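Here are the chains, one letter per residue:
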Amino acid sequence: MVEQTLVIIKPDGLKKSLTGNILTRLSETKLEIIGAKIVRVSRELAEKHYAHMRDKPFFEDLIKYIQGEFHGRRKVMALVYWGEEAIRKVREICGATNPEEADPTTIRGAYGRITTKGVYENVIHASRDNQEAEREIKLWFSPEELIVEVYPTKVVEEKVKKKVWA
Ligand code: IDP
Ligand code: MG
C-alpha cells in the first residue's frame, strides 16, 4: 500500500551534523520526499505532537528536547516520505525508541544516546502507523507544502495578514 509518513530530524541530529547521514540512510528505502522544511518548534506544536505522552513523567523534558532547549538549536527538519509501505520501511531504519536497545545498524542505534538525566536523545521521529501519520502530517504541513495531495483538501476563503517579501 502506498503510504506517507512524517519524519523529524530532532535538534540533536541537526547539532551533531547528522542530517546528511540520516537522509542517506533513509534514501535506502527508495521512498520519495514530498515535503521538507526547517521548523522552529513552538510550545504549542510540541505539545500537540506529543499529546499522547502528556501523562509521562518525562513529558516536560520531551517538550524541551524537541524545542531544542537542550541543544541550543531551536530547529528541527520535518519531512514527509511517500511510497510503498513507507511507515514500516522508515520505522525499521530508525530503530527502537530506546537508543540503547536499538539495533546498532539503525539510525537511533548508531547515533542516539540516553542522557544522564534520562532523556532519550534518539535523533529522529517517525510516525508509528497510518492514523498517527495522518494526524502528524496535518499538524506539521499544510497541503501547499506537499507536492502530492495525500489527504483530501478543500478551498476556503480567508482574509489573513501574512508576511510577504518586501
Ligand atoms: P517513538 O518515537 O519510537 O514512536 P514514543 O513512545 O512515541 O516512541 O515516544 C516519543 C518519544 O518520547 C521518543 O522518541 C523518545 O524521545 C521519548 N521517550 C519515549 N519513551 C521514553 C522513556 O521511557 N524515557 C525517556 N524518553 C522517552
Ligand atoms: Mg511515537
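Further up the page is the structure itself.
Residues numbered from 1 in each chain as written. Chains lettered and ligands numbered in written order. Predicted model: local features only at pLDDT ≥ 70, side-chain atom pairs only at ≥ 80, totals over all residues. Heavy atoms only, no water.

For the rest of this paragraph, the subject is the site of ligand 1. As a structural note, the neighbourhood of ligand 1 is formed by 13 residues, with Lys 10, Arg 91, Thr 97, Arg 108 and Asn 122 the closest of them. Measuring from an oxygen atom of ligand 1, one finds a side-chain N or O atom of Arg 108 at 2.9 Å. Interatomic distance of 2.8 Å between a side-chain N/O atom of Asn 122 and an oxygen atom of ligand 1. (Near = heavy atom within 4 Å. Polar contact = N/O pair within 3.5 Å; in protein donor to acceptor, adjacent residues only side chain to side chain.)

So, on to the pattern of salt bridges. All chains considered together, the criterion is met by 10 salt bridges. For Glu 47, the salt bridge is made with Arg 43, and the minimal N-O distance between the two is 2.7 Å. Pair noted here: Glu 47 and Arg 43 are both in helix α3 (residues 43–49), with a separation of four residues, about one helical turn. The shortest N-O distance in the salt bridge between Lys 138 and Glu 134 comes to 2.5 Å. Here Lys 138 and its partner Glu 134 are both found in helix α7 (residues 130–140), four residues apart, which amounts to about one turn of the helix. Looking at Lys 138, the relative accessible area reads 46%, which means it is partly exposed. (Salt bridge = Lys/Arg side-chain N within 4 Å of Asp/Glu carboxyl O. Helix = DSSP H or I, 4+ residues; strand = E, 2+ residues; numbered from the N terminus. Buried < 20%, exposed > 50% of the residue type's maximum accessible area, 1.4 Å probe, protein only.)

Turning our attention to the sheet that holds strand β2 (residues 32–39). Across the sheet, four strands lie side by side as β2-β3-β1-β6; this open sheet has antiparallel pairing. Because the sheet does not close on itself, it has two edges, and the strands there are β2 and β6 (124–126). Along the sheet, successive strands turn relative to each other by an average axial angle of 15 degrees, direction set aside. Across the sheet, α7 touches β1 (2–9), β2, β3 (76–84) and β6, and the angle it forms with β1 is around 60 degrees. (Pairing = 2+ DSSP bridges. Axes fitted to C-alpha atoms, helices over the stretch in contact; angles between N-to-C directions. Contact = heavy atoms within 4.5 Å.)

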